[in-house]
Amino acid sequence: MADGELSGASLGGEPGGRGGPEPEPEQLVRSWQEGVDLCSGIYQHLKEYVPLVLCSGSEAKPAEENLAYQKLLQTLEWYLFGETPADGFAKLEQSNSSSQLCGRVFKGGEATYSCRDCAIDPTCVLCVDCFQNSVHKNHRYKMNSSYGGGFCDCGDVEAWKTGPACKMHEHGASEDSVNSASQLPVGLAERAQQLFAIIFRYIIDMLIWTEDKELPLGLQPREKTDSYFCVLFNDEQHSFEHVIHSLQRSLGCSQREAQSHTTLIDREGRRAVKHGTLQSCQETKLDVINITNSVFQSPLRVEILHSSVVSHQNFALRLLSWLSQVVSNSAGLRQIFCEVVLNQEPESDQPCLSSRLMLADAKLWKGARKAFHELIVCSLLMETEYKRLFAIEFITHYKQLQLEFVEDDHDRNVSVTAQSVQIFTVPTLARHLIEEHDALKIIIETIIELFSEHMDNGKLHFQSYSQDKLSRKQMVLYDLKYVLICKPPLWTDKLRAHFFEGFKTFLKLLKTMQNMEPMSRQIGQHLEIEPEWEPAFAIQVLLKCILSMIQEWCASDEQVLLQAYKECHRLLSQCTNECSQRDARKQLNTLNMCGHSISLKRYLVSREPVSIHLPLSRLLAGLHVHLSKSGAIDKLEEYVPSSEFQVEKLMDYPLRCLVLMAQVSADMWRRNGFSLVNQAFCYRKVKWREEMFDKDIIMLQIAASMMDPNRFLMFLLSRFELFEVFSKSPVPRNKDVIQQTNVLVEELLHLIIIVVGERYVPGVGHVKKDDVTLREVIHLLCIEPMPHSELAQSLPENESNETGLENVIHQVATFKKPGLSGHGVYELKPEYLKHFNLFFYHYYKSQQTKAEDEQKKRKKQSNSNEALPPPLPPPFYSTFVKVTSILSCDVLMLILRTVLQRAVDSTGRLWSEAMVQKTLHLICMALQEEQRQLEGGVAEEDVNFDVYLKATRVGSSAVNAESILSLLEKLRSVPQLDAQKDMIIWTLQMFEAVKKLREKSSPCSATEAASQKTNETTQDEDKAERKRKAEAAKLYRQKIMAQMSAMQKNFIESNKHLYEKATEAPKQETVRTEVDSITNAEDPGVALGPMQGATAAEKIILICILCQEEQEVKTDEMAMVLAACVQRSTALSKRRSRTITNLGDDCDPLIMHPDLGCGTHVGSCGHVMHASCWQKYFEAVQNSTRNRLHAELPFDLETGEFLCPLCKALCNTVLPVIPQQAHNLDSKDTETVAQILTLSRWLQNVVTRIIGLNASDSKGLQLFFPEMTSSENESKLMQASATSWKDAVEFRSILSFGVQSPIKYSKSIVEMLQLFATAVFRVGLKVAPNEADSRVPLMAWNACAFTIQSIENILNDEDKVLFGSLPDRQDLSLRAVLQFAASQRVVASPKVIQKHLTRLMSVFLPHLNVEDTWSILDIDFFHLLVSLVLAFPSLYWEETVELQPSDISCAFNNLYLFHLVTMAHIVQILLTSTTDCPMEQDGEESEESQSAAELYEMLREYTSRSLEYKPHGCYLWNCVKCGIFPFLRCSALFFNYLLGVPPPEELSKDSSEGQFEALCLYLALPTNLFKLFQEHKDIVSPLLQRWCSDSSVQSFLKGERTTVQYPRERNQLMELPEDYSCILNQGSQYKCSRSSDDETKNLALCMFCGAMLCSESPCCREEVNGEEIGACVAHAINCGSGLGMFLRIRECQVLLLAGKKRGCFIPAPYLDDYGETDQLLRRGNPLHLCTERYKKLERLWQQHRILEEITRSQDMNQVVIGLDWQQF
Ligand SMILES: [Zn+2]
Ligand SMILES: [Zn+2]
Ligand SMILES: [Zn+2]
Ligand SMILES: [Zn+2]
Ligand SMILES: [Zn+2]
Ligand SMILES: [Zn+2]
Ligand SMILES: [Zn+2]
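Residues numbered from 1 in each chain as written. Chains lettered and ligands numbered in written order. Predicted model: local features only at pLDDT ≥ 70, side-chain atom pairs only at ≥ 80, totals over all residues. Heavy atoms only, no water.

(A) Fine view of the overall build of the protein. If you tally the helices and strands in the protein, you get 65 helices and 29 strands. Put simply, the protein has 1768 residues, and 56% of those count as buried. Of the contacts made within the protein by residues no fewer than 6 positions apart, 77% connect residues no fewer than 24 positions apart. (Helix = DSSP H or I, 4+ residues; strand = E, 2+ residues; numbered from the N terminus. Buried < 20%, exposed > 50% of the residue type's maximum accessible area, 1.4 Å probe, protein only. Contact = heavy atoms within 4.5 Å.)

(B) Region of the structure containing the coordination of the zinc ion (ligand 3). For the zinc ion (ligand 3), the protein coordination sphere consists of Cys115 (SG), Cys118 (SG), His136 (ND1) and His139 (ND1), at 1.9 to 2.3 Å. Geometry at the zinc ion (ligand 3) is tetrahedral, judged from the four donor atoms that bind it and their angles of 97 to 117 degrees at the metal. Positions of the donor residues of the zinc ion (ligand 3) along the chain correspond to the pattern C-x2-C-x17-H-x2-H. Take Cys115: its relative accessible area is 3%, and that puts it in the buried class. (Donors = N, O, S within 2.8 Å, 3.2 Å for Na, K, Ca; no water. Tetrahedral: all angles 85-135°; square planar, octahedral: opposite > 155°, others 65-115°.)

(C) Representation of empty space enclosed by the protein within the structure. By the definition in use, this model includes 15 cavities of 30 Å³ or more. Where the lining of the largest cavity is concerned, the elements lending two or more residues are α51 (1336-1357), α54 (1421-1431), α55 (1447-1472) and α57 (1513-1539). Of the residues in the lining of the largest cavity, the class split is nine nonpolar, six polar and six charged. (1 Å grid on protein atoms, 1.4 Å probe; cavity = no way out; pocket = protein on both sides within 12 Å on 5 of 7 lines; lining within 4 Å. Points joined across faces, edges and corners; volume = space filled by probe spheres on them. Nonpolar A, V, L, I, M, F, W, Y, C, P; charged D, E, K, R; others polar.)

(D) View of the pairing of strand β8 (residues 588-593). Looking at chain direction, β8 and strand β9 (residues 596-601) are connected through six bridges and run antiparallel. From the neighbouring strand, Met593 faces β9, where its bridge partner is His596. Hairpin connection of β8 to β9: two residues between the antiparallel strands, including Cys594 at a positive phi of 50 degrees. (Pairing = 2+ DSSP bridges.)

(E) The arrangement of the coordination of the zinc ion (ligand 7) in detail. Binding of the zinc ion (ligand 7) to the protein goes through Cys1632 (SG), Cys1654 (SG), Cys1659 (SG) and Cys1660 (SG), at separations of 2.1 to 2.3 Å. Here the zinc ion (ligand 7) binds four donor atoms, and the angle range of 102 to 123 degrees at the metal identifies the geometry as tetrahedral. Here the donor residues of the zinc ion (ligand 7) are spaced in sequence according to C-x21-C-x4-C-C. Separated by 22 residues along the polypeptide, Cys1632 in the loop between α62 (1620-1629) and β21 (1642-1646) and Cys1654 in strand β22 (residues 1652-1655) bring together distant segments of the chain. Considered together, Cys1632 and Cys1654 belong to a single accessibility category, that of buried residues.

(F) How the structure looks around the sheet that holds strand β14 (residues 1120-1129). With antiparallel pairing, the three strands of this open sheet are ordered in space as β15-β14-β18. Pairing within the sheet leaves two strands with one partner each, and these edge strands are β15 (1159-1170) and β18 (1213-1216). Pairwise comparison of adjacent strand axes, ignoring direction, gives a mean angle of 40 degrees for this sheet. Pairing analysis gives four bridges linking β14 to β18, with the strands arranged antiparallel. Residue pairing in the sheet places Leu1122 in a bridge with Leu1215 of β18. Lying on the sheet, α51 is in contact with β14 and β15; it crosses β15 at an angle near 90 degrees. Helix α52 (residues 1368-1387) contacts β14, β15 and β18 of the sheet and is inclined by roughly 110 degrees relative to β15. (Axes fitted to C-alpha atoms, helices over the stretch in contact; angles between N-to-C directions.)

(G) Focus on the pattern of salt bridges. For the structure shown, the criterion picks out 69 salt bridges. In this structure, the salt-bridge partner of Asp266 is Lys366, at a minimum N-O distance of 3.8 Å. Here Asp266 is found in helix α10 (residues 255-268), whereas its partner Lys366 is found in helix α15 (residues 366-378), with 100 residues between them in sequence. Residue classification places Asp266 among the partly exposed residues on the basis of a relative accessible area of 29%. Classification of Lys366 by relative accessible area gives buried; the value is 12%. (Salt bridge = Lys/Arg side-chain N within 4 Å of Asp/Glu carboxyl O.)

(H) The environment of Ser1635, seen in detail. Within the element layout of this structure, Ser1635 appears in the loop between α62 and β21. Residue classification places Ser1635 among the buried residues on the basis of a relative accessible area of 13%. Expressed as a C-alpha distance, the spacing of Ser1635 and Cys1660, which sit 25 residues apart in the sequence, is 8.1 Å. Beyond its immediate chain neighbours, meaning those up to four positions away, Ser1635 contacts Lys1641 and Cys1659.

(I) Geometry of the confidence of the model for the protein. Residues at a pLDDT of 70 or more form 86% of the protein, whose mean pLDDT is 83. This stretch, residues 55-60, has a pLDDT under 50; its non-local contacts, to residues over four places away or in other chains, come to 18 contacts. Every residue in residues 1004-1017 scores below 50 in pLDDT, and together they form seven contacts with partners more than four places removed in sequence or on other chains. (pLDDT = per-residue confidence, 0-100.)

(J) How the structure looks around unusual backbone geometry. The omega angle of the peptide bond from Tyr1606 to Pro1607 is -5 degrees, so this bond is cis rather than trans. Within the secondary structure layout, Pro1607 lies in the loop between α61 (1591-1597) and α62. Within the chain, Asp667 stands out as a residue other than glycine whose phi angle is a positive 70 degrees. Following the sequence through the fold, Asp667 ends up in the loop between α27 (647-665) and α28 (673-683). A residue is classified by how much of its surface remains accessible, and Asp667, at 41% relative accessible area, is partly exposed. Even without glycine at this site, Leu1720 takes up a positive phi of about 70 degrees.

(K) Here's a closer look at the nonpolar core. Membership of the largest hydrophobic core comes to 541 residues, with the highest contact counts inside it found for Phe200, Leu480, Phe712, Phe1534, Tyr1620 and Met1685. Looking at this core, the element that brings in the most residues is α55, giving 16 residues. Those residues in contact with Phe1534, other than ones at most four positions away along the chain, are Ile1348, Leu1378, Phe1422, Leu1425, Val1426, Val1429 and Leu1430. In terms of nonpolar packing, the next biggest core, distinct from the first, is built from 15 residues, Ile265, Cys281, Leu300 and Val302 among them. (Core = buried A, V, L, I, M, F, W, Y, C linked by side-chain atoms within 4.5 Å.)

(L) Examining helix α40 (residues 964-971) more closely. All buried positions along α40 are accounted for by Ile964, Leu967, Leu968 and Leu971. Buried residues along α40 cover an arc of 105 degrees about the axis, so they all sit on one side. (Arc of directions from axis to C-beta.)

(M) Broad picture of the sheet that holds strand β5 (residues 302-306). Strand order across the open sheet formed by three strands is β4-β3-β5, with antiparallel pairing between neighbours. Edge positions in the sheet fall to β4 (270-276) and β5, since each of these pairs with one other strand and no more. Within this sheet the neighbouring strands show an average axis-to-axis angle of 30 degrees, counted without direction. Bridge count between strand β3 (residues 228-233) and β4: six bridges; the pairing is antiparallel. Looking across to β4, one finds that Leu232 is bridged to Arg271.

(N) Structural context of the packing of α51 against α57. The N-to-C vectors of α51 and α57 enclose an angle of 115 degrees; their axes lie 10 Å apart at closest approach. Considering only the axes of α51 and α57, their crossing is right-handed. Contacts between α51 and α57 involve Ile1348, Gln1349, Ile1351, Glu1352, Leu1355 and Asn1356 on the former and, on the latter, Pro1526, Arg1529, Cys1530, Leu1533 and Phe1534. Here the residues of the contact of α51 with α57 sort into seven nonpolar, two polar and two charged. (Left-handed = near helix turned anticlockwise from the far one by under 90°.)

Written out as structure tokens, the structure reads:
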């Protein structure tokens, strides 16, 4: 970049050509003070220095830039304080009283807290410090993670009902806000005032500078240089990638550079991407525009700015933050600043300074806006009085700001309009704004204006609209909600007037929605284009809260309520009249029924347009209820005379809407597509229903309370288009029409039930708010037990997002805790079942069916009557009391009788069971009402209910009709109604009861007793009958159960998918049966040496899961294979931070390091197949899936992955099953051998053999001792071998203790062994498969050792016994792994194995004096043991004969190898794990501790006293015993699975006692382990000497290196805090070192090692093998060898990763008090660590089931496969 001349001319030179040395700040300031015009003085200074401040685009010398800033700012500070700034600030600090408010501004991701008990509204939040110090931490709080920008409300008395301030801010809050400005030092206030005004004006001038403008006079540079910047601006349209790409092309810069530009553009909103001459900048501008311009997107915004302008603008930004800093420090300066920026300049007609900048907000770039908003927050919003003044400015310009925001393309959180939440949610402020500044009207008018473009003929209509703009417009509705949140405690006339103005405007808005977007039924063909319906419903959701709050406001003042009602009624009537003008030509139609008649205009929902949106009607209904509740309804006549109240017209539209819903249910509108189905669903959905469905019902109830019931019902019948169905005798019609009609009748009956029965609205029925919630909860729980969140979601929320659930839940339900997965649920207490109403109006059809089944089932189980009669509803308010008269009116009687009549004549199809059910329900409701009146002591003559009479009278109105009662009797024998029988009986009993009451209240009640008695007897009979039925049912159930289980058996046998049973079956008859026969009681249970127990050949019979055939596994038969999964694992790693090194082509896996950095694990689901069956299956899978899209598969074909055909576990190879061989020692031979073959003799034989083999090999020494190439060693070795070779007898001496011929494996088994070995090799080393590689057997042994170690680890962790606690599948696969590893000596080349053995043995060959062997600190001895034991038989191989050691030889080989390894391990433990011991310790002097001390003394000698002090023997013994324990357990497992010798009983007993002794017994060790050293002193001493003199041992003892200690500490997941908010805070405090911004990050915590990473963020991406991958994926490569488990902090979920392609999310192990997890922190309840679930995660890791879990979740949830896991 060509900024050479600029930096050249900078501070070092003479600024602006002014002569002489630079003036000191004091001098300068003095000159300002002396000057006439302060402003021009300062401008002169800025003019000189600001251009030296380079724009942030340049790479040049940030230090100088900084210096310039300092120079400028310091001068200003000098002026402000009149002394050194440091002193000035210090004085301010002193005089400043603590702040009133906390005001901490939240960073993205920071935890915020709100109190559900005390916050005025949910936007009131606390920061973590304040929260911890507040009373609310013991309340019902909610936590959230902030998106940044808001601030802490601590100290704001208006934000909290109680506890407004924490302990830290208590003091400030109690102080009245004082005039702090007057307390400032002399002169400061005046200077501050002048300075702030000048600075702020300068800021405004600079920030809203436009290209066509010159710089202000005082700032124009003397000469205009040709130095320009090409500045790129941010927008929300172009993607990150697109901008990077475009910049690379147009600027010709590197990707990294383009990336940094783009990041900064996104963060700051603009960025100078080029500096140069005007012409070159113009060229670049054109390039950028050309490249980014496309058909789909407008080009990026680029501007060319003169360098001095850019400098001034950057400085202005800097000044904004400087001001923030200055005013935050001092209340006095803050007040002065507020005064300055809010003060209207007297002579100017311009708005005040703050408003000028505010109005330019939408034109500013992001960085400028952020700085400005921050200044607002820390100045204007911190002072109550100035907040008020600012609020007035805000509301004055409200409309303009919103209009500009809608056109703006920046996010809302960088718009000044977002400050509304800070202003409008302050209750007094909101009221003040409404009362004095018409806020309500202004906001609503803004909404109307914003929506004006969607207006069609005076109604809202959303046809083609931009989703983005619409959501911007909806923000205004939130503001409306905010100002209404608090009802006024006191009304003034002024408030009334202004509220009423606002209300009228609101009605205007509602009017544009009344009857909007009407629909017409499609007949014939299907609707072509689905109409847009979402926008209207989206607005309705926001309106719901506002509507209910407006109603609350109205209800709080009688005068307002009546006035509002009047206005609403007026507008609604006007609306309906407008609509009905269209129907003016229609004839009045008169309908007659039962002697009643009604005249109305014909209207058919099925033919004419109908709208779902009726907000005006619904508002009126809402207000009516409030009138009823408050009693103000009595005064209604004065406002709305009843003559004007045309109730039929008012109810008509809501009724049409309800009929529409009924017709949709009847499938009459199916040609109108999904849009209507969705709308019908939303209409009744909890988010909408309160201000839609519920209010329509109320409107009908209002009508019913005012109309004659017969007229009302006839109206309904007519609108339902069912009048003729009940007024004429049925005419046969086609099936579809009958079906439709039947559904409509059902819906009509349901509607009548609702209108009469639903009284759970305060004001309609005598209920309280909690009763309403209670009833909702009961009905939800009647469907099924539910978790808290589901309940909360199914209940309507108020404006504070509260449902009131907590108030009632404990009363009605009991909590059932969750298990390891799933969630806690609430179960309804049985005593609340009686409140169940089958026709509860908020049930969807499916819920109703489910609840009905559930309740009937329950009743059946308790052997009670299955009837589900209506519960007794609460009484109506007096306003509504007339509604009940519907129940006894003639028309209803006719309807009911007709339905029953048709059911009795069951031949017809004009009825349905549901219809009868509802009819019965209605009859019961009617009788209940009558009963209530009779019992309620109402005077006989006042009982207006005569249902009983009407229902029992024959042919009341219809001629010759039967009475309802007699029809009911007949109904009992209708076979189709069996399910309703109990209900029919119940209804009949109700009749009886009412009859009795009537008789009682009538003068002659003599029959009462008699009837009572009969009633009792019938009840007894009933009981007996029921008992009989119950017994019969029980028998029947048993029979069914028997049948079912028989069927199930068949099913299992024929169906492989029910695998669990299938595997149990063969397991029982196969695996172990034969082994026991040999094991006799005397068997000592020794696995090694001369006392080794005998074993028989194992007999394994398995069933192939694919062909279901049974087969015995034999070495010479076709192979049976286990589905297996081989994976690299760091689950046991003790060096998580270091990179994995034992990988790739040039790695030597011979020796495992004791830190177990990365091992190879073999797992299996335990499912067995024939090798041939599996091959066929695998080929089929490959063929069928190869063509499918790769992304769909949860497994990777290329690496041989497949899913187990039975359990769908992920597998990548198969493992052959091989039975154990029989072992039996001839006791006589054994004794003989034991006498001759001592350890030293054995070792001698071995050495001779090795050297002999070595020499006999013509290829030379290198092969055997590749590490010994130095000539000196070579010659020594040659000498030794030469002498030995002379003696061929000695060379073969090892064979003399017994040999036998090796086992032969069938071709199929060998094939499978090779296949598996190659898989282990390929996965374990991450190399290309090569079955001839010499490392194949090494990897097989390592995999075997590692798998055993991890199993031992799990058993220990879970406190399980060593033997007998493994699940069958693990047992079987561990057997197979062992036999597989052992078989390597047969399958692989013996020479290769000999070569490995030689190198392995070098650890124990003392006289070879090898310099370059491994230090014993760097060997994992269990791995070494496994390799040695399995490789050892190769020593017996002779070129001409294939031999292997006999059982006796084996026993001794194993014994001595084990002893050697054990001794080495003991030394290792003594050297490494005893360093920080106490010097003196009490303890009894046992034999063991004595020997321990002796050995230790020896080690001290050999290490030349590097082991400094001498710990107590007892302590040493303890160290060794603990340290070696895991090794012994692993060894016991190893030898057991290798040889099959049953272990001593203690090892399968659940007690820690005697374990050590039993292990020693089994492994043929002396319990005093040190005896080994004493016994074999001759051999051990030189070994000890060599081990101890090793250089790494020396450097360890000197403290120069670290090493693993024994026993190895078990790996655990990172400890997590109990309270989730702790993690949230840790997360928000974390600062990524690779990124400079504060932006919201998706932080992820590695649960293995605790590393914190920026997931999915460009800052922490890494390039691996030329590919960009996300931080988590990159971290997992080393930390988990590709597997990862991360806690995503802000989302509260755990991310499981496997490589670049696979991953899944599972909930974090945190539960709220309701036993539920909160993925994505949607609910925000306090979360606590659930240790069981945490443990479960840990096990997932330690048991190597992460991969399995991922595959399973991907298989279940296809969606996540679409995610690009590589980016995480
Ligand atoms: Zn705070
Ligand atoms: Zn506080
Ligand atoms: Zn609280
Ligand atoms: Zn098979
Ligand atoms: Zn399986
Ligand atoms: Zn990690
Ligand atoms: Zn980062």
